[in-house]
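# A structural walkthrough
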Amino acid sequence: MSLGLTLPTRLRRSFAMRVAALFLGLLALVQIASFTAISASLGAQARSTLPDRLAAGERVLKTLLDQRAQTLTEAAKLMAADFGFRDAVLSEDRDTIGSVLENHGSRIGATEVAWLGTDFSVRAVAGAGMDSSQFGPAAAVLAGTASSAGSASGLMLIHGRPHQIVLVPMNAPRLVGWVAMGFPIDDRLGADLRALAALNLTLLVRDDAAAGWHSVQSTLSAEAAQQLAVQPWSAAPPPMAAVEARGEELGVRARWLTTLGPGDRDSGPGVLALVSLSIDEAARTPQRLQLALLLITLLAVAVFAVGSLYTATRVTTPLRRLARAAEQLGGGDYDTPVRGMERSDELGELAQSFENMRVSVAEKQAQILQLAYWDALTGLPNRAQFGDVVREAVAAAGNGGKPLAVLMLDLDRFKNINAKLGYAVGDRLLQAAAERLSRQVLRDGDLVARRSGDEFAVLLRDATPELAASVAQRITRAFEQPLSLDDHRLDLTVGVGIACWPLHADAADTLINRAEMAMYAAKKRHAGPQMYEPAMDDSSAQSLSLLSELREAIVRGELRLHLQPKLALATGSVAGAEALVRWQHPVRGMISPGQFIPFAEQTGFIRQLTLWVFEACAKAWRELHAEGADMVLSVNLSARDLFDTDLPSKLESLLLQHRVPAEAFCLEITESAIMDDPERALGTLKRLALMGFKLSIDDFGSGMSSYGYLKLLPVDELKIDMVFVRNMDRDAVDVKLVRSMIELAHNLGLSVVAEGVENAKIWDQLRELNCDQAQGYHMGKPMPLEEFVAWSARWVEKSRLPGAAGNAGLLH
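The following paragraphs examine the structure supplied in this document.

Rules behind the numbers
Residues numbered from 1 in each chain as written. Predicted model: local features only at pLDDT ≥ 70, side-chain atom pairs only at ≥ 80, totals over all residues. Heavy atoms only, no water. Helix = DSSP H or I, 4+ residues; strand = E, 2+ residues; numbered from the N terminus. Buried < 20%, exposed > 50% of the residue type's maximum accessible area, 1.4 Å probe, protein only. Contact = heavy atoms within 4.5 Å. Areas by Shrake-Rupley, 256 points an atom, 1.4 Å probe, with all protein chains shown as cover. Patch = residues over 30% accessible without salt bridge, like charges linked within 9 Å, V, L, I, M, F, W, Y side chains within 5 Å. Salt bridge = Lys/Arg side-chain N within 4 Å of Asp/Glu carboxyl O. Lys, Arg positive; Asp, Glu negative; His and termini not counted. Charge placed at Lys NZ, Arg CZ, Asp CG, Glu CD. Axes fitted to C-alpha atoms, helices over the stretch in contact; angles between N-to-C directions. Parallel < 35°, antiparallel > 145°, perpendicular 65-115°, else oblique. Left-handed = near helix turned anticlockwise from the far one by under 90°. Pairing = 2+ DSSP bridges. Core = buried A, V, L, I, M, F, W, Y, C linked by side-chain atoms within 4.5 Å. Phe/Tyr/Trp six-rings, centres within 6.5 Å; stacked < 30°, edge-to-face > 60°. Nonpolar A, V, L, I, M, F, W, Y, C, P; charged D, E, K, R; others polar. Polar contact = N/O pair within 3.5 Å; in protein donor to acceptor, adjacent residues only side chain to side chain.

Assigned secondary structure in the protein consists of 27 helices and 27 strands. Counting all 812 residues of the protein, 46% fall into the buried class. The long-range share in the protein, meaning contacts at least 24 apart out of those at least 6 apart in sequence, stands at 63%. Of the accessible surface of the protein, which amounts to about 40,400 Å², a share of 55% is contributed by carbon and sulfur atoms.

Given below as structure tokens:
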């Protein structure tokens, strides 16, 4: 029984040994052949590519010299631009010139510094090696190669050593001379070439052909450098020369470095740069590669020995591995690869089938997760993932009390672009918007997502309202830059809404909803990013109360009409007034328009407010006309007014009711209101123009208008936004912008009104620019009708005084 068990075991062991011996023998043959082939191939490759390596090294040398010349030229330019040095040159203060030359030269390591006249005569010099009689003509030659900026560089031998000379002109403003600096070429040049190209550098110089070459610098040994120096180098050296130096064969490439001064390559002084590499060393198999091959061989022997024995004695192991792999797949583990695929038999094919199944199921699972939590077009997290992350962030922040902020963004006029340019352009526009937005959110932990369509969202962790507002402003400015797609130049502006936790909401979903409300408010107001306010929330008790009170304010007569004068700049006469509404609340007092106008626009109640203002203006015009004041009253229209197809008929009814001509009114429309839906707005504006209303584009310049639409609009006037006007007295850029807007309007046959005139200087500037009318606190603030009538009478009376015509300072 013992013999029966031992014999098969011995047979199995004998089979394993034979398999191991066969595999190891084959491995040894393969490794020997591989080592021989690699060594021969490396040697042949190294010898064949040696000329190319030397040529590349020569190019690296030239680049190093050029970079060094550029650096030195900048240093010389800095000295030439020094005001003190210029003054000393103009006043011919030689002591100061010499001091500046010496100080600047020592600071940047120049051994030779000189000031040359326009005729290249040496006027002042610092440094012991400068030869004035030789340097002047050399500088003149160097100046002949000057670049467009006037600077030039070259090589020159000074006391038998090569120096890099840079020449920079000094203009004040005409040419008054030249600054020249000399820098010795030291060992750093060879060290840099050695570090960058693994090549050696030897510099040979000669005073003339009779003197012969001698080495002044080399990364080789002194003996090897001297052996290179005695070689018969010709004026046109070959691409590569083989030179024997210290028993070692070197591949050498020679390059003549042109020097300034008399002579030529055959007879005169010169500098020869020799780039070299040991041919034996290049062709030798690297020691590291030898060690690596030896290590691989030893490792392969060990692996083959173990593998052979393992293959012979353990046939069932792959089956057990496949069984475990099936259990892992059944348990949902799609990340662990199936082992055993390295086999080439049936078991290997079975293992490969298991692996293919694992990869396929894992890919399908990843696709499902990708579709569920990522946006396929932009690669950003989608609405579902953003909501989950915000909820997790609110839950986590609730423990530590750190604030959060959610920013909602929506692209302006995206639907219009999508409809006119096609969905392919629209998709690319969304991808560009996602990329631009992602660049503005820089902190770790913050999240950018695409919620739907042209709507994006940002989560800012540990963000105060001030920080969130700052980020929103940065995003808005980034989107103000036009985007070029193929032949289309698109204006990619956005509306941004902000909501903060826990300031504006105590739950994640409420926080997201209120950020979205703020975004809609931002798109309506066109006044930059908007922070959430209770007035934006239609569902809040405060919002419902405000809407109810605003409706009752019209019925109870709580609204007040204020007029702000518009003056003709040429004559100083009162040309008209802009109508503004105020709310005199019985409890809260005077409420500014900023508190209820945006809310009215959001809810649509702005239409009733517009009709109230128009009717109040009709009554006021009748009173003014009775007082003998013939002027035009301006009334603002919102985007919702323009989209109301019944607006022209409603205004016509009020005109008939109060017996006022349409020519008595100027209807002001903002750029953004027009551009929200240009086609629809154009239809309404044409009907109003046919009725006789004067039309004006309000806040011109603050939006992103299309000049094509500007040409089509039936407008009579452009009203320049106050952001360009109020700083004209101290900002030359604003003056240029205002001038261009005035010229554009006049070329189109339109009159121009500038609002935001704060002082007499701005008034005078606008009058010089031929602006037609001005409006601002310098002439008069918004005031009730009674005050406006009295103000107009005083203004007319003062304007009749001698020399007072056109003087806006009369009011003060």
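Following the structure, the description resumes.
Let us now look at the environment of aspartate 444. You can see aspartate 444 is positioned in the loop between helix H13 (423–440) and strand E12 (447–452). In this structure, the C-alpha to C-alpha distance between aspartate 444 and arginine 461, residues 17 residues apart in sequence, is 9.1 Å.

Turning our attention to a negative patch on the surface. Judged by side-chain charge, Glu623, Glu627, Glu786 and Glu787 come together as a negatively charged surface patch. When you line up the elements, glutamate 786 lands in helix H27 (residues 785–799).

Remark: helix H18 (residues 606–626) packs on helix H20 (residues 647–658), axes separated minimally by 10 Å, with the N-to-C direction vectors making an angle of 25 degrees. Between H18 and H20, the interaxial angle falls into the category roughly parallel. Note on packing geometry: the crossing formed by H18 with H20 is right-handed. In this structure, H18 uses Leu611, Phe614, Glu615, Ala618, Lys619 and Arg622 to contact H20, whose residues at the interface are Lys650, Leu651, Leu654, Leu655, Gln657 and His658.

Taking strand neighbours across the sheet as the criterion, the 5 strands line up as E2-E1-E5-E4-E3 in an open arrangement whose pairing is antiparallel. Only two strands of the sheet have a single neighbouring strand rather than two, namely strand E2 (122–126) and strand E3 (152–158). Pairwise comparison of adjacent strand axes, ignoring direction, gives a mean angle of 25 degrees for this sheet. Alignment of E3 against strand E4 (residues 161–171), held across 7 bridges, turns out to be antiparallel. Paired with serine 153 across the two strands is valine 166, which belongs to E4. Strands strand E1 (112–116), E4 and strand E5 (175–184) of the sheet are contacted by helix H2 (residues 83–90), whose axis makes an angle of about 80 degrees with E4.

The subject of this paragraph is the nonpolar core. One finds Phe665, Phe693 and Leu766 to be the most contacted residues of the largest nonpolar core, which totals 89 residues. Looking at this core element by element, the count peaks at 11 residues for H18. Leave out the neighbours within four places in its chain, and phenylalanine 693 touches Phe614, Leu651, Leu655, Ala662, Phe665, Leu667, Leu688 and Asp716. Within the second largest apolar cluster, 33 residues are counted, among which are Ala405, Phe414, Val458 and Leu460.

What the rule picks out here adds up to 6 aromatic pairs. A centroid spacing of 5.6 Å and a plane angle of 90 degrees characterise the contact between tryptophan 583 and phenylalanine 596, whose relative ring orientation is edge-to-face. Of this pair, tryptophan 583 sits in strand E19 (residues 574–585) while phenylalanine 596 sits in helix H17 (residues 593–603), and the two are 13 residues apart along the sequence. For the pair tryptophan 583 and phenylalanine 596, one class covers both residues: buried. When the centroid spacing of 6.2 Å and the interplanar angle of 25 degrees are considered together, the rings of phenylalanine 788 and tryptophan 791 count as stacked. On the criterion of helical spacing, the pair formed by phenylalanine 788 and tryptophan 791 is a turn pair, its members being 3 residues apart in helix H27.

Here we come to the packing of H20 against helix H22 (residues 678–690). Relative orientation of the contacting elements H20 and H22 amounts to 25 degrees, with a least axis distance of 9 Å. Taken as axis vectors, H20 and H22 run roughly parallel relative to one another. Seen from above, H20 lies across H22 with right-handed handedness. Contacts from Leu647, Pro648 and Leu651 of H20 reach H22 at Thr684, Arg687 and Leu688. Among the residues forming the contact of H20 with H22, the class breakdown is 4 nonpolar, 1 polar and 1 charged.

Let us look at the pairing of strand E22 (residues 665–670). When you tally the buried positions in E22, you get 5 out of 6 residues, the bulk of the element. Sheet topology places strand E21 (residues 632–637) next to E22; 5 bridges connect them, and they run parallel. Note on E22: the bridge partner recorded for valine 635 is leucine 667. Pairing of E22 with strand E23 (residues 694–700), which is carried by 5 bridges, proceeds in the parallel orientation. Its bridge partner being in E23, threonine 670 is matched across the sheet by aspartate 698.

Quick look at unusual backbone geometry now. The step from tryptophan 501 to proline 502 runs through a cis peptide bond, and the omega angle for that step is 5 degrees. Its place among the elements puts proline 502 in the loop between strand E16 (494–501) and helix H15 (508–525). For alanine 198, which is not a glycine, the phi torsion comes out positive at approximately 55 degrees. The backbone of aspartate 699 sits at a positive phi, close to 55 degrees, despite the residue not being glycine. For aspartate 699, the location among the structural elements is in strand E23.

So, on to the side chain of glutamate 717. Within the fold, glutamate 717 resides in strand E24 (residues 717–720). Classification of glutamate 717 by relative accessible area gives buried; the value is 1%. A distance of 2.8 Å separates a polar atom in the side chain of glutamate 717 from a polar atom in the side chain of serine 696. Those residues in contact with glutamate 717 that sit more than four places away from it in its chain are Lys566, Cys666, Lys694, Leu695, Ser696, Ile697, Leu750, Ser751 and Val753.

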